[in-house]
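Structure at a glance
Residue strings, one per chain:
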Amino acid sequence: MAGFRMGRGDRNNRTAQGQQAHAPQGPSYGGQAPQHGQRGPAYGYPQGNHYGYPGPANDGPEYFGDPGRGGHDPYAANQPGHTQAFSVDEASAYSQGETYHAGSAQPSGPSGPPLHWKELLKGVVFNPNPTFLRMRDYTMWGPALIVTFLYGLLAVFGFDGARADVIGATFTNAVPIVLISAVAMVLSAFILGVVTHTLARQLGGDGAWQPTVGLSMLIMSLTDAPRLVFAMFFGGDASFVQVIGWVTWLGAGALLTLMVSRSHDLPWPKALGASAIQLIALLSIVKLGTF
């Protein structure tokens, strides 16, 4: 009886040991972590840097792109095909764009209010650089049209043939001739100013057309005034009148080039090229008396 008991107990011990040997070495879901040296569970918490792979215990899941762990997140921002995050201050920097200017130096805005017509007329001849810079964004149709019209009224006396016709005609016949001459001079100066502005824009200028045309009309009229005064008394074919015409034509070329350069922010070679047609027309029609 005693032996029977011992055999049964031994069998129970062997059965318990076998069951312990075949028991799973960790919980299938959740539960306590396996002891050191035991294999991790097939399902449950991750035991390393990657799910399902062995690694240091209690390391936790890996986060892509974590700078503390040295990982790389392929889905992080600033990657091709992904959105870039930025703050409001950074976004506002993209909206603070500046207008492109044709020249190397960016010109400043108007230095003050528009000049009075007396200061404008004086500044075009005696102080052109600051005058052109100040008036590059202002219109001046009043002074430009009036001065050009008055210049046209007197210009007819600068041509020998037209002056003889006016002097020999009656008053009623002379008035239409003078008025037509003045209107033709205004239209010619206006068209030439538009051509100069158009050429300046094609060469990369950024100026407005009204200041350019107005200033070009004033330059054309004011620079030819000295020649016209002497031509009224001595005729346009006189030698010294022709010399005065050449000198004032060179002055008109310098002023037009400076004006276009300041008004359109162009270097002087391009500004001179934009003024070329107006200068050629001024020389052939007015200065040389072929009008």
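Values in this document were obtained by computation on a predicted structure and should not be read as measured data. (Residues numbered from 1 in each chain as written. Predicted model: local features only at pLDDT ≥ 70, side-chain atom pairs only at ≥ 80, totals over all residues. Heavy atoms only, no water.)

**Concerning helix H9 (residues 225-234)**
Put simply, the rule is: When accessible area is computed with a 1.4 Å probe and restricted to protein chains, residues below 20% of their type maximum are described as buried, those above 50% as exposed, and intermediate ones as partly exposed. Helix and strand definitions follow DSSP, with helices as H or I runs of at least four residues and strands as E runs of at least two, each counted in order from the N terminus. What the arc describes is the spread of directions from the helix axis to the C-beta atoms.
Buried within H9 are the following residues: Arg227, Leu228 and Ala231. Seen end-on, H9 carries its buried residues on one side only, within an arc spanning 95 degrees. Opposite its buried face, H9 presents the exposed residues Phe233 and Phe234, each directed more than 90 degrees away. Taken from the residues just after H9, glycine 235 is the one with a positive phi, measuring 90 degrees.

**A word on the side chain of threonine 131**
Counted only if it meets this: Only heavy atoms enter the contact rule, under which two residues are in contact if any of them lie within 4.5 Å.
Along the chain, threonine 131 turns up in helix H4 (residues 128-135). Leaving out residues up to four positions away in the same chain, threonine 131 has contacts with Leu115, Leu120, Gly123 and Val124.

**Some words on the environment of glycine 207**
Here glycine 207 lies in the loop between helix H7 (171-202) and helix H8 (209-223). Classification of glycine 207 by relative accessible area gives buried; the value is 4%. Counting along the chain gives 57 residues from glycine 207 to histidine 264, while the straight-line C-alpha distance between them is 4.2 Å. Residue contacts for glycine 207: discarding those within four places in its chain leaves His197, Arg201, Ser263 and His264.

**Considerations on unusual backbone geometry**
A negative phi angle characterises most non-glycine residues, just as the trans form characterises most peptide bonds. We note that aspartate 265 has phi near 55 degrees; this positive angle belongs to a residue other than glycine. You can see aspartate 265 is positioned in the loop between helix H10 (239-264) and helix H11 (268-274). The exposure class of aspartate 265 is buried, given its relative accessible area of 9%.

**Topic: the packing of aromatic side chains**
Test applied: Here the aromatic set is Phe, Tyr and Trp, taking the six-membered ring for Trp, and pairing holds for ring centres within 6.5 Å; pairs whose planes are under 30 degrees apart are stacked, those over 60 apart are edge-to-face, and all others are tilted.
All chains considered together, the criterion is met by six aromatic pairs. On the basis of an interplanar angle of 40 degrees and a centroid distance of 6.0 Å, the ring pair of tryptophan 141 and phenylalanine 190 is categorised as tilted. Residue tryptophan 141 is found in helix H5 (residues 141-155), and its partner phenylalanine 190 is found in helix H7; the two are separated by 49 residues along the sequence. A relative accessible area of 29% means that phenylalanine 190 is categorised as partly exposed. Seen from their ring centres, phenylalanine 230 and phenylalanine 240 are 6.0 Å apart, and the 85 degrees between their planes marks the pair as edge-to-face. Linking phenylalanine 230 in helix H9 with phenylalanine 240 in helix H10, this pair joins segments that are ten residues apart in sequence. Under the relative-accessibility criterion, phenylalanine 230 is labelled partly exposed at 35%.

**Some words on the nonpolar core**
Rules: Note on terminology: a nonpolar core comprises buried Ala, Val, Leu, Ile, Met, Phe, Trp, Tyr and Cys residues joined through side-chain atoms within 4.5 Å.
Grouped together as the largest cluster of nonpolar side chains are 37 residues, with contacts concentrated most on Leu120, Leu218, Ile219, Met220, Met259 and Val260. At the level of secondary structure, the elements contributing two or more residues to this core comprise helix H3 (117-126), H4, H5, H7, H8, H10, H11 and helix H12 (276-287). Residues in contact with leucine 218, not counting those within four places in the same chain, are Leu120, Leu121, Met140, Pro143, Ala144 and Val147. Grouped together as the second largest cluster of nonpolar side chains are six residues, Leu153, Val166, Ala174 and Val178 included.

**A few points about the pattern of salt bridges**
Quick note on the threshold: Salt bridges are identified by distance alone: a Lys or Arg side-chain nitrogen within 4 Å of an Asp or Glu carboxyl oxygen.
Throughout the structure, instances matching the rule amount to three salt bridges. Of the charged contacts, one joins arginine 136 and aspartate 137 as a salt bridge, the two residues approaching to 3.9 Å between their closest N and O atoms. Under the relative-accessibility criterion, arginine 136 is labelled buried at 7%. Arginine 227 is the partner of aspartate 224 in a salt bridge, and the nearest nitrogen-oxygen pair spans 2.7 Å. Each member of the salt-bridge network shares a partner with another, and the members are Arg136, Asp137 and Asp206.

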